[in-house]
Amino acid sequence: DAKTTQPTSMDCAEGRAANLPCNHSTISGNEYVYWYRQIHSQGPQYIIHGLKNNETNEMASLIITEDRKSSTLILPHATLRDTAVYYCIVRPPEAQKLVFGQGTRLTINP
Amino acid sequence: DAGVTQSPTHLIKTRGQQVTLRCSPKSGHDTVSWYQQALGQGPQFIFQYYEEEERQRGNFPDRFSGHQFPNYSSELNVNALLLGDSALYLCASSPSWGFANTGELFFGEGSRLTVL
């Protein structure tokens, strides 16, 4: 499985956009990029995924660079409830598991 | 619609003992996976069950075993507990057709095991 690199921690002001980067320079052509988050004392929660096109849903937007070696998760208007550890995961379509790294601890400040 | 439910939420065991953790998947889901999350680390895949069989296994010793029942619920058993088995154990479910297509897993809130 391709390895991902994320900053250990980030801060963002409430109401501002939170931009979380992820490097996945060894990603293969058929591997998807997934983002999950884990709020304290809860299980991980799926946010969004994409292959090569940018994706948006009600939670976030995912921007994948043209060479697919990096991506950015965007939370457009961060709230205090978005404080969590965010995991960027690269997964081949046939894989039956998710391989988590250590993620980015995002703190939203009032 | 109940999500993934796990029991117990917390438990304390001593070294050498055995533990059983339980999981009920989200309604409509027939595939269950188990993950171990040590403090400060990301979750690590233990194994996956589908149609009452272990389908894939991560890098965990045979002390870790599981079972899936006809109603799709699952158990995780750990024998001969070690101090290093202290962790949050997460159950995740998906429909068999779903994960392959979407990669979306639904996680429970976990069972926190402390081994003394």
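The structure under discussion appears in the preceding block.
Residues numbered from 1 in each chain as written. Chains lettered and ligands numbered in written order. Predicted model: local features only at pLDDT ≥ 70, side-chain atom pairs only at ≥ 80, totals over all residues. Heavy atoms only, no water.

Section: the interface of chain A and chain B
For step 1, the next point in the chain: With 19 residues of chain A at the interface, the matching set in chain B holds 21 residues.
For step 2, the next point in the chain: Taking both sides of the interface into account, the surface hidden between chain A and chain B amounts to around 1700 Å²; carbon and sulfur atoms contribute 49%.
For step 3, the next point in the chain: Considering only the surface of chain A that becomes buried against chain B, A:Gln96, A:Lys97 and A:Phe100 emerge as the three largest contributors, covering 32% of it.
For step 4, the next point in the chain: Linking chain A to chain B there are 0 salt bridges.
For step 5, the next point in the chain: Here chain A and chain B share 6 residue pairs in polar contact (both at pLDDT 80 or more) between them.
For step 6, the next point in the chain: Residue assignment for the side of chain A that touches chain B shows that the elements contributing at least two residues are strand 3 (32-38), strand 4 (45-50) and strand 8 (84-91) of chain A.
For step 7, the next point in the chain: Counting residues per element, the side of chain A that touches chain B draws most heavily on strand 3 of chain A, which supplies 3 residues. (Contact = heavy atoms within 4.5 Å. Buried area = accessible area lost by both parts, 1.4 Å probe. Salt bridge = Lys/Arg side-chain N within 4 Å of Asp/Glu carboxyl O. Polar contact = N/O pair within 3.5 Å; in protein donor to acceptor, adjacent residues only side chain to side chain. Helix = DSSP H or I, 4+ residues; strand = E, 2+ residues; numbered from the N terminus.)

What to know about the environment of A:Ile64
Residue and element names in this part refer to chain A.
For step 1, the next point in the chain: Turning to its location among the elements, Ile-64 is positioned in strand 6 (residues 61-64).
For step 2, the next point in the chain: Judged by relative accessible area, which is 6%, Ile-64 ranks as buried.
For step 3, the next point in the chain: Here Ile-64 is in contact with Val-33, Gly-50, Leu-51, Lys-52, Asn-53, Asn-54, Ser-70 and Ser-71, once residues within four sequence places are set aside. (Buried < 20%, exposed > 50% of the residue type's maximum accessible area, 1.4 Å probe, protein only.)

Considering the pairing of strand 4 (residues 31-37) of chain B
Residues and elements named next belong to chain B.
For step 1, the next point in the chain: The buried count for strand 4 comes to 7 of 7 residues, which makes it a mostly enclosed element.
For step 2, the next point in the chain: Across the two faces of strand 4 the burial is the same, with Thr-31, Ser-33, Tyr-35 and Gln-37 and Val-32, Trp-34 and Gln-36 all buried.
For step 3, the next point in the chain: Across 6 bridges, the pairing between strand 4 and strand 5 (residues 44-50) is antiparallel. Note on strand 5: the bridge partner recorded for Val-32 is Tyr-49. (Pairing = 2+ DSSP bridges.)

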